[in-house]
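# Working through the structure, step by step
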Amino acid sequence: MSSTAATLDAPVAGAAPIAPRKALLDSLKPLLVDVALPLACYYALKAAGLSTFAALAWSSVVPAVRTVWGAVRERRLNGLAALMVSVNAVSLLLGLVAGDPRLMLLKDSGVSSIVGLTFLVTAVRGRPMLSAGLRPWLTRGEAAKSAAWERLSAGSPEFRRAETRFSAVWGGALLAECAVRAVGAYTVPVETMVWAGTVLMIGSMVVAFLVSGRFGVVPMERMIAAEAGAAER
């Protein structure tokens, strides 16, 4: 099973504020589809009598189909999503040839490493990928806050460092998860690693959320509020 990321468009000035409940539900949908549903499918298929490899293979189809469908529906190809689909497809083919369920588990490490490296590279290059998804949360579609974000992102080194820290923390957390999951794929029983891999992913997300919030979101919120307030005076 794997997680996916989507790049969100920045809100335009004057857009309606984003309802917190709707934003929360929207953020949870990928987690439910890419984590909870494949995990449930795996155990349901195992209970139906399929082999461990077959259950892993079929449950991995759900995230891949969702990613492809999202690209078709939006009529644009997200580079990160395309990479993750490619990793899924290659691992499925290799798994079919080798017949090794542990190779299927290793696939998740490949996806996490690609996502983590992408976050780190974009952060180092000064164009943090996660900023596009973070902006709607911090501006809530308010024109004043959106304008403040634009000014700070263009002219505040401190704000840019906070953006970079946010993406770097998530990239580092995903790479750490990848390393642990890769070791577990060949040292832990397959049945255990199926659910343990999910626990690892959720745990790394919780840690990344807390750390990136402390060193990225909090200072960015403070600077946006101050900048928006100064512009109104």
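Since we're looking at a predicted model, the values are computed, not measured.

Looking only at helices and strands, the protein has eight helices and zero strands in total. For the protein, the succession of helices and strands along the chain, N to C, is α-α-α-α-α-α-α-α. Summarising the internal contacts of the protein: among those between residues at least 6 apart in sequence, 77% fall at separations of at least 24. Here the protein has roughly 12200 Å² of accessible surface; of this, 70% comes from carbon and sulfur atoms.

Below, the discussion takes up the nonpolar core. Counting residues in hydrophobic clusters, the biggest one holds 21 residues, and the most contacted among them are L138, F159, M220 and I224. Listed by contribution, the elements that provide at least two residues to this core are α4 (101-124), α5 (131-139), α6 (143-155), α7 (157-187) and α8 (190-232). When residues no more than four places from it in sequence are discounted, the contact partners of F159 are W149, L152, S153, M220, M223 and I224. Counting residues in hydrophobic clusters, the runner-up holds six residues, among them A185, V190, V194 and A196.

Counting along an α-helix, one turn takes 3.6 residues, and residues three or four places apart therefore face a common direction. Taking 1.5 Å as the rise per residue, α8 with 43 residues should run 63 Å; its terminal C-alpha atoms sit 58 Å apart, in good agreement. At G213, α8 shows its strongest bend, of approximately 50°.

Turning our eyes to something else, we now look at the packing of α5 against α6. Running from N to C, α5 and α6 point in directions that differ by 140°, and their axes come no closer than 9 Å. Viewed along their axes, α5 and α6 adopt a mutual orientation that is oblique. As α5 runs across α6, the sense of the crossing is right-handed. Between α5 and α6, the contacting residues are S131, L134, R135, L138 and T139 on the first element and K145, S146, W149 and E150 on the second. Residue composition of the contact of α5 with α6, by class: three nonpolar, three polar and three charged.

Further remarks concern the packing of aromatic side chains. Under the counting rule described, the total for this entry stands at one aromatic pair. Summarising the aromatic geometry, the rings of W149 and F159 are spaced 5.2 Å apart at their centres and angled 85° between planes, so their arrangement reads as edge-to-face. Of this pair, W149 sits in helix α6 while F159 is found in helix α7, placing the two residues ten residues apart along the sequence. Looking at W149, the relative accessible area reads 4%, which means it is buried. The class for F159 is buried, based on a relative accessible area of 0%.

Together, I202, V206, V207, F209, L210, V211 and F215 make up a nonpolar patch on the protein surface, roughly 640 Å² of accessible area in all. Mapped onto the elements of the fold, V207 is located in helix α8.

Bringing unusual backbone geometry into the picture now. Of note in the backbone geometry, R140 takes a positive phi value of approximately 55° without being a glycine. Mapped onto the elements, R140 comes out in the loop between α5 and α6. The exposure class of R140 is partly exposed, given its relative accessible area of 25%.

What follows deals with the pattern of salt bridges. Evaluation of the coordinates by the stated rule reveals five salt bridges. Two residues, R135 and E150, come together in a salt bridge whose shortest N-O distance is 2.8 Å. Taken together, the residues span a long stretch of sequence, with R135 in helix α5 and E150 in helix α6 at a distance of 15 residues. Note on R135: relative accessible area 9%, which makes it buried. The residue R160 makes a salt bridge to E163 at a minimum N-O spacing of 3.0 Å. Here the residue R160 and the residue E163 both occupy positions in helix α7, the gap between them amounting to three residues, near one helical turn.

Turning to the environment of M129, a few remarks are in order. The residue M129 is located in the loop between α4 and α5 in this model. Judged by relative accessible area, M129 falls into the partly exposed class, the value being 26%. Along the backbone, M129 and T164 are 35 residues apart, and their C-alpha atoms lie at a distance of 9.2 Å.

So, on to the environment of F166. The residue F166 is located in helix α7 in this model. For F166, a relative accessible area of 10% puts it in the buried group. Sequence spacing of F166 and A123 is 43 residues, and the spatial spacing of their C-alpha atoms is 8.6 Å. The residues touching F166, leaving out its near neighbours within four places in the chain, are L130, L134, S212 and V217.

Calculation rules
Residues numbered from 1 in each chain as written. Predicted model: local features only at pLDDT ≥ 70, side-chain atom pairs only at ≥ 80, totals over all residues. Heavy atoms only, no water. Helix = DSSP H or I, 4+ residues; strand = E, 2+ residues; numbered from the N terminus. Contact = heavy atoms within 4.5 Å. Areas by Shrake-Rupley, 256 points an atom, 1.4 Å probe, with all protein chains shown as cover. Core = buried A, V, L, I, M, F, W, Y, C linked by side-chain atoms within 4.5 Å. Buried < 20%, exposed > 50% of the residue type's maximum accessible area, 1.4 Å probe, protein only. Expected span 1.5 Å × (residues − 1). Bend = angle between axes of the 7 residues up to and from the residue. Axes fitted to C-alpha atoms, helices over the stretch in contact; angles between N-to-C directions. Parallel < 35°, antiparallel > 145°, perpendicular 65-115°, else oblique. Left-handed = near helix turned anticlockwise from the far one by under 90°. Nonpolar A, V, L, I, M, F, W, Y, C, P; charged D, E, K, R; others polar. Phe/Tyr/Trp six-rings, centres within 6.5 Å; stacked < 30°, edge-to-face > 60°. Patch = residues over 30% accessible without salt bridge, like charges linked within 9 Å, V, L, I, M, F, W, Y side chains within 5 Å. Salt bridge = Lys/Arg side-chain N within 4 Å of Asp/Glu carboxyl O.

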